[in-house]
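# Architecture at a glance
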Amino acid sequence: MYYKTVILHLIQLCKRRYASALQPVEQAHGLTRNEIDVLLFLSNNPGYDTARDIVELRALSKSHVCKSVDSLTRRGFLAGEQDRHDRRCVHLTLQSAAGQAVQDAQQAQQDFVLQLYQGMTPEEEQALNQALSRLVKNLKDMEANT
């Protein structure tokens, strides 16, 4: 397999396996994948707490994020507070009702990563992380130049 094909295959496999890892959490808590993505983003990224942050940094569609935020707010998982300086901006906070779902989703994430790195030495993990960081930097550079 050419390295280009390997990378594309890796991306697709990661997406499928990650979705599979989160599926029990979706079922247990009656959440959609997008709702779980919103909860995980807010819990894993302190300081980024708006729907705009989620759309930009997580690359989710604006309509899916808005729909998920509305649903999670109705269920008491999220609360929103209008920004004092920009009333168009709403800061989101996780509520205690989301606690178990967030904990289960974070555990599923952690289990996924542990399985992904299974059998690697610490040196191999470090080399992989450095290579992936380089790829991310290159992709950001490519994006900035377009």
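Below you will find a few notes about this structure. All values derive from a computational prediction rather than experimental measurement. (Residues numbered from 1 in each chain as written. Predicted model: local features only at pLDDT ≥ 70, side-chain atom pairs only at ≥ 80, totals over all residues. Heavy atoms only, no water.)

### Quick word on the layout of surface pockets
- There is about 1400 Å³ of room inside the largest pocket.
- Lining the largest pocket are 29 residues, with Ile11, Cys14, Lys15, Leu132 and Val136 positioned closest to its centre.
- Broken down by secondary-structure element, the contributors of at least two residues to the lining of the largest pocket are α1 (3–29), α2 (33–44), α5 (99–116) and α6 (122–144).
- Ranked by residue count, the leading element in the lining of the largest pocket is α6, at 11 residues.
- Split into classes, the residues belonging to the lining of the largest pocket amount to 18 nonpolar, 6 polar and 5 charged.
- With 5 residues, the single largest contributor to the lining of the second largest pocket is helix α4 (residues 62–74).
- Tallied by class, the residues present in the lining of the second largest pocket amount to 8 nonpolar, 1 polar and 5 charged. (1 Å grid on protein atoms, 1.4 Å probe; cavity = no way out; pocket = protein on both sides within 12 Å on 5 of 7 lines; lining within 4 Å. Points joined across faces, edges and corners; volume = space filled by probe spheres on them. Helix = DSSP H or I, 4+ residues; strand = E, 2+ residues; numbered from the N terminus. Nonpolar A, V, L, I, M, F, W, Y, C, P; charged D, E, K, R; others polar.)

### Some remarks on the packing of α2 against helix α3 (residues 51–58)
- Relative orientation of the contacting elements α2 and α3 amounts to 100 degrees, with a least axis distance of 11 Å. Viewed along their axes, α2 and α3 adopt a mutual orientation that is roughly perpendicular. In this structure, α2 contributes Arg33, Asp37, Val38, Phe41 and Leu42 to the contact, and α3 contributes Asp53, Ile54, Leu57 and Arg58. (Axes fitted to C-alpha atoms, helices over the stretch in contact; angles between N-to-C directions. Parallel < 35°, antiparallel > 145°, perpendicular 65-115°, else oblique. Contact = heavy atoms within 4.5 Å.)

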